[in-house]
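Examining the three-dimensional arrangement
Single-letter residue listing:
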Amino acid sequence: MKKHIMGKNLDEWKNRHPLLEEIIKTQEVFWTNPQYVSSSDRIITPNLRKMDIQDAEKRLLRFAPYIAKVFPQTWETKGIIESPLVKIDKMKKELAVLYDQEIIGSLYLKCDSHLPISGSVKARGGIYEVLKIAEDIAIEKKIIVESDDYTILASEKCKKLFSRYSIVVGSTGNLGLSIGIMGAVLGFKVIVHMSSDAKQWKKDLLRKKGVTVVEYDSDYGKAVEAGRIQAQREENSYFIDDENSQNLFLGYAVAGKRLKQQLEQLQILVDQDHPLFVYLPCGVGGAPGGITFGLKTAFHEHVHCFFAEPTHSPAMLLGLMTGLHDKVSAQEFGIDNRTDADGLAVGRPSGFVGKTLEKDISGIFTIQDQELYRLLSRLADSEGIYLEPSALAGFAGPLRLFSESRGKQYLEYGDLMSKMKNATHIVWATGGSMVPEEMMSHFYNKGKAKE
Ligand SMILES: *Cc1c(COP(=O)(O)O)cnc(C)c1O
C-alpha cells in the first residue's frame with residue numbers, strides 16, 4: 001500500500017470516507033452515492049445527448065442486414081443483436097430462503113449472457129465500435145453510402161479493403177471476444193492484448209478465428225497500455241479504448257430504449273409510482289455506464305442504477321467515492337484486484353465514465369467471489385439459466401437494498417418505500433452462454449459445494 005494516495009495518507013482518507021475501512025478489508029459493502037441527483041430534466045452530459053444514442057441505433061439498423069447475413073443465428077431477429085428479459089420468480093423465492101430476505105417488487109433477468117455472436121454484454125459496445133470503424137472506412141473509400149444495402153460489406157472486395165487495417169484492443173476476455181469475432185468476420189487484422197486473468201478458452205477461440213492474441217502476465221491495465229502503444233506505432237491501426245471510448249459507450253446506451261420497448265411489450269409500467277431498479281456488474285465501467293446513460297435517457301428519475309463489483313476489485317466504487325476517478329486504483333489502497341470474476345477484474349476505473357455519471361449512479365455494492373458461485377448454482381437449479389461468475393454480481397443488489405441501512409435510507413429519502421410493491425428489479429446478466437460446458441460444470445460444482 002502506498003503511504004500517500006493523491007497527497008493524503010490513509011487515515012485522512014478513512015476519516016473522510018469511513019466505509020473505506022471495510023472496503024480495504026475486502027468486506028462486502030453497500031454504498032449510496034451522496035452526489036446522486038434525481039430530476040426529470042437533468043442533462044447528463046453536454047457532450048453526449050439523446051441524439052447520439054439515436055445515431056448509434058440507426059447505425060445498428062443500417063448494419064442489420066449485413067449482420068443477419070454473416071451471423072445466421074441473428075436471422076430471426078433480422079440482424080438485431082438483442083437479449084430476452086425473463087421473469088425469475090423461482091429464483092426470487094430461492095433468494096428469499098437463501099438470504100432470509102424478501103425482495104419487494106418483481107424480479108427480472110436481462111439475459112445479455114445470451115446475446116448472439118459473443119455471448120456477453122460486450123456484444124453491444126464492442127461490436128458497435130467495430131461496425132462504426134468499418135462504416136467510416138467504407139464511406140471514406142466510397143464503397144457505400146448510408147442508404148445502401150450493407151450486405152455488400154460481406155464481399156471479398158470489401159474484406160480485402162478492411163484487411164489493410166488493424167484493430168487493437170486490451171481486454172480481460174469478453175471485449176476481446178466481441179471485437180475479435182466481429183473484426184475478423186469483416187476482414188480486419190485484429191490484435192487482442194489479454195490480461196493474465198483471461199480464460200484460456202477465450203484465447204483459443206479467438207486464435208481459431210484468425211485473431212492475434214498477445215498474452216500478459218499482468219492485469220488488465222497493463223494489457224490496455226500495451227495495446228495503446230502498439231496501435232500508435234502502426235499505420236492504419238485503430239485502438240479501441242475501453243477506458244475512454246465514446247463509441248463503446250453509445251453502443252451500450254442503445255440498450256436503454258430497447259429495454260423500454262421490451263417492458264412496454266410486457267406491459268410493465270415505469271413511472272412516478274412504478275420505479276425501476278437495475279443492477280449492473282461493473283469492470284472498467286463502460287458497459288454499466290453506457291447502459292445507465294441509455295436508461296437514464298429513456299426513464300429519467302424513474303430508473304435507479306446500481307453497480308456491482310467484486311470485493312477485491314472495487315475500482316469504480318473507490319473512484320466515485322473519493323472523487324479521484326481514474327487517478328486512483330484498488331491496488332493503491334492495498335486491495336489486490338484478484339477475483340474469479342474475470343470480466344470485473346479491473347483495478348482502475350474509467351475516468352470518462354465516472355465523471356460523466358457521478359450524479360447518475362445511485363450506488364455501488366461489492367460481492368465476494370464465493371457468493372457469485374453460490375448464486376450461479378442457485379440460478380441454474382431454479383431457472384435453468386447458466387451464467388459466468390461475473391454476471392451474477394447484480395443479484396446482491398435487490399437483496400441489500402432492503403437489508404442494508406444505506407439501502408433503506410435510499411428508499412426513504414427517495415420517497416420510494418410505499419411504491420416498492422409496484423417496483424421492477426432487473427439484474428443485468430452480462431455473460432455466460434459461450435462458456436464451455438466443462439468449465440461451466442466446474443463453476444456449478446463450486447457453487448454447490450458452498451451450500
Ligand atoms: C466486461 C464485463 C462487465 C463489465 O463491463 P465494463 O465495461 O468493464 O465495466 C461485466 N460482466 C461481464 C461478464 C463482462 O465481460
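In this report, we go over the structure that sits alongside the text.

Conventions we followed
- Residue indices begin from 1 for each chain and proceed along its sequence in written order.
- Predicted model: local features are reported for residues with pLDDT of at least 70 only, side-chain atom pairs are reported and counted for 80 or more only, and whole-chain, interface and lining totals are derived from all residues.
- For side-chain calculations, the full set of non-hydrogen atoms in the structure is used, while hydrogens and water are omitted.
- The pairing criterion for strands is at least two bridges between them, as found by DSSP.
- Numbering of helices and strands runs from the N terminus; a helix is a DSSP stretch of H or I covering at least four residues, while a strand is a stretch of E covering at least two.
- The axes used here are C-alpha line fits, helices contributing only the stretch in contact, and every angle between their N-to-C directions lies in the interval 0 to 180 degrees.
- For this analysis, residues touch if any pair of their heavy atoms sits within 4.5 Å.
- When accessible area is computed with a 1.4 Å probe and restricted to protein chains, residues below 20% of their type maximum are described as buried, those above 50% as exposed, and intermediate ones as partly exposed.
- For the purposes of these results, a polar contact is taken to be a pair of N or O atoms within 3.5 Å, where, inside protein, one atom must be able to donate a hydrogen and its partner to accept one; residues adjacent in sequence count only when each atom of the pair is a side-chain atom.

Here we take up the sheet that holds strand S10 (residues 276-281). Here 7 strands make up an open sheet; going across it, the order is S3-S12-S11-S10-S13-S5-S4 and the pairing mixed. Edge positions in the sheet fall to strand S3 (30-32) and strand S4 (85-87), since each of these pairs with one other strand and no more. Going from strand to strand, the sheet's axes swing by 25 degrees on average, the running direction of each strand aside. As paired elements, S3 and strand S12 (residues 363-367) share 3 bridges and run antiparallel to each other. Looking across to S12, one finds that Trp31 is bridged to Ile364. Helix-sheet contacts for helix H17 (residues 405-413) involve S3, S10 and strand S11 (303-310), and the interaxial angle to S3 is about 30 degrees.

If you trace the backbone, Lys202 turns up in helix H8 (residues 200-208). Looking at Lys202, the relative accessible area reads 1%, which means it is buried. For the pair Lys202 and Gly173, spaced 29 residues apart in the sequence, the C-alpha separation amounts to 6.3 Å. A polar contact is formed between the side chain of Lys202 and the side chain of Asn174, at a distance of 2.9 Å.

Time to look at the sheet that holds strand S7 (residues 189-194). In spatial order, the strands read S8-S7-S6-S9; together these 4 strands make up an open sheet with parallel pairing. Edge positions in the sheet fall to strand S8 (212-215) and strand S9 (237-240), since each has one partner strand and no second. Across the sheet, the mean angle from the axis of one strand to that of its neighbour is 20 degrees, orientation sign disregarded. In this sheet, S7 lies alongside strand S6 (residues 166-171) in parallel orientation, the contact comprising 6 bridges. What sits directly across from Ile167, in S7, is Val190.

Everything listed here is a matter of coordinates, which is why it stays silent on function.
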